[in-house]
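# Tertiary structure, described
This is what each chain is made of:
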Amino acid sequence: MAGNWKMNKTREEAMFFSNKLTQDLAGMNFQIVLCPPFVFLQNVAEILTGTKLHLGAQNCYYERSGAFTGEVSPLMLKEIGVEYVIVGHSERRHIFGETDEMINKKVKAILDNGMKPVICVGETKEERERGLTFCVVESQTRQALFGLSKDNVEKVVIAYEPVWAIGTGIVAKPYQAQEVHRFIRKLLEQLYDEELAQKIPILYGGSIKPDNFFGLMIQPDIDGGLVGGASLDDQFIELAKIISWLV
Ligand code: PEP
């Protein structure tokens, strides 16, 4: 389960909350990743050291260094203890114009620096209404993974995040999410093999809340959640408890 804090919290709040989570989630026996804003990564890294929680970043650039004002390189993230990097989030694609080609470069750079990309894919409301869901998800997934070796693909996490469900309060119905997750799993089988496809975690993201999470998590191809709004407060602890009943 990963919490994407987006552009939220002050430094004090980030430190207080991550401290609380290290205590409240200490007994959980599955991977939990906190993705605070860049400027608080170092503070949160210090709090998470020696605990069961993992550190993630919300984005990165694909070059190692250079004249890229305002960007952060994978090497810089690795240096401060980041293990996961969210890439291709719909807000990055739609607000900041990230293309599939950039996302593929980022995925490769993250892997080259020994971290794991959490690759977000998902259709807009309009694309779903036009019957393009599978087509969009296939194209985004194929392009994000383009040129990766099998060894590298094993380290990837995929997050299916229908854009119409992100931050809207409209969660995908469990069967809707499951059919896309199944589709992604089958695509991974086609691109690689069955064993590898089983190993790659496919998270669902989009308006996850404690009252809708169980129904999603019991679907056979939903391996966890990428949580936005509900990762900012105690709902995150409730969500973790739901997973802990199931693992
Ligand atoms: C997200 O931003 O990845 C997300 C899933 O947001 P929310 O849970 O708020 O819909």
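Before reading further, recall that the structure is shown in the block above.
Residues numbered from 1 in each chain as written. Predicted model: local features only at pLDDT ≥ 70, side-chain atom pairs only at ≥ 80, totals over all residues. Heavy atoms only, no water.

## Quick word on the side chain of Ser73
- Counting through the fold element by element, Ser73 comes out in the loop between β3 (53-57) and α3 (74-79).
- Residue classification places Ser73 among the buried positions, given a relative accessible area of 4%.
- Side-chain polar atoms of Ser73 contact the backbone oxygen of Arg64, separated by 3.2 Å.
- Setting aside residues no more than four positions away along its own chain, Ser73 makes contact with Tyr61, Glu63 and Arg64. (Helix = DSSP H or I, 4+ residues; strand = E, 2+ residues; numbered from the N terminus. Buried < 20%, exposed > 50% of the residue type's maximum accessible area, 1.4 Å probe, protein only. Polar contact = N/O pair within 3.5 Å; in protein donor to acceptor, adjacent residues only side chain to side chain. Contact = heavy atoms within 4.5 Å.)

## Here's the deal with helix α12 (residues 235-246)
- Given a rise of 1.5 Å per residue, 12 residues ought to cover 16 Å, and the 17 Å separating the end C-alpha atoms of α12 matches this to within 8%.
- What α12 keeps buried is the set Phe236, Ile237, Leu239, Ala240, Ile242 and Ile243.
- Looking at the buried positions of α12, the neighbouring elements they touch are β1 (2-4), α1 (11-24), β2 (32-35), α11 (210-217) and β8 (224-227). (Expected span 1.5 Å × (residues − 1).)

## Overview of the packing of aromatic side chains
- Tallied over the full model, the rule gives five aromatic pairs.
- Taking the centre distance of 4.3 Å and the plane angle of 25 degrees together, the rings of Tyr61 and Tyr62 count as stacked.
- Measuring from ring centre to ring centre gives 4.8 Å for Phe134 and Phe183, while their planes differ by 50 degrees; the resulting arrangement is tilted. A residue pair is termed long-range when its members are at least 10 positions apart, and Phe134 in helix α7 (residues 133-145) and Phe183 in helix α9 (residues 174-191) qualify at 49 residues.
- Aromatic ring contacts, followed pair by pair, group Tyr61, Tyr62 and Phe68 into a single cluster. (Phe/Tyr/Trp six-rings, centres within 6.5 Å; stacked < 30°, edge-to-face > 60°.)

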